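Here is how the chains run, residue by residue.
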Amino acid sequence: PRSEPIPGAGRDRALGFAADARGQVWLARLGELESYRWAGGTLQRQWRMGTDDGLPLVAAGGLSVDAAGMVWMSSVHGLTPVDPERRAVRVYGVRDGLPSQEFDIAPVTSPRDGKILVGSPEGLVLFDPATIRDVADFNDRQRAAEGIDGVWVNGVLSYQDGQANGRREGRFLAREGDLSAGFA
């Protein structure tokens, strides 16, 4: 079989893609997220967000679009929901209760209940995108996000109902050196 580029999709490498319920095709490129509509046999770009708009400069591992139209990108820097209507971006990571910052494989949406299941080297995360809520503020910047149903580390449920349950099957990986060096 011979493959050919899709007219209108551009020649830059697409790192992730998804289709939503409205028939839009979403493509993630390095530091870019775009939506397209089919017009005959050609894709026509409808929307774009890049690093100049606040999108992190990351290579997406995958995309998933939830029922509300929120686009979820997985990457080595965490899970990034993008609200196309508000042009809002938020990166979720370890400080939000996730087992890792690294989510470089595609998120998978369960068609049965709309929840998203995503994996990392340290475990699995299951959440309902309709209930995820950022509750951190200036007084409590480390407050975990609400709505993460469960986190499994090495196959063991370790975070449930908004809190760690004491089962710590992972191991701490200490960083060496001063991380602020070179940023003066």
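About the criteria used
- Within each chain, residues carry numbers counting from 1 in the order of the written sequence.
- Local features in this predicted model are restricted to residues whose pLDDT is 70 or higher, and side-chain atom pairs enter the listing and the counts only when it is 80 or higher, whereas totals over whole chains, interfaces and linings include all residues.
- Each side-chain value is worked out from all heavy atoms of the structure, with water and hydrogens disregarded.
- Strands are runs of DSSP state E lasting at least two residues, helices are runs of H or I lasting at least four, and both sets are numbered from the N terminus onward.
- Residue exposure (1.4 Å probe, protein chains only): buried if accessible area is under 20% of the type maximum, exposed if over 50%, otherwise partly exposed.
- Any pair of residues with heavy atoms lying within 4.5 Å of one another is described as a contacting pair.
- In this description, strands pair whenever DSSP reports at least two bridges between them.

### Notes on the side chain of T80
In this structure, T80 sits in strand β7 (residues 78–83). Taking relative accessible area as the criterion, T80 reaches 2% and is therefore assigned buried. Apart from residues lying up to four places away in sequence, T80 is in contact with P56, V71, W72, M73, V89, R90 and V91.

### Regarding the sheet that holds strand β8 (residues 88–89)
Pairing within the open sheet is antiparallel, and its four strands lie in the order β5-β6-β7-β8. Looking at the sheet topology across the chains shown, the edges are occupied by β5 (62–65) and β8.

### Digging into the environment of G114
Mapped onto the elements of the fold, G114 is located in the loop between β9 (108–109) and β10 (116–120). Take G114: its relative accessible area is 27%, and that puts it in the partly exposed class. The spatial distance from the C-alpha of G114 to the C-alpha of D128 is 6.7 Å, given a sequence separation of 14 residues. In this view, G114 contacts T109 and P129; residues no more than four positions away in its chain are not counted.

Everything listed is a geometric property; what it means functionally is a separate question.
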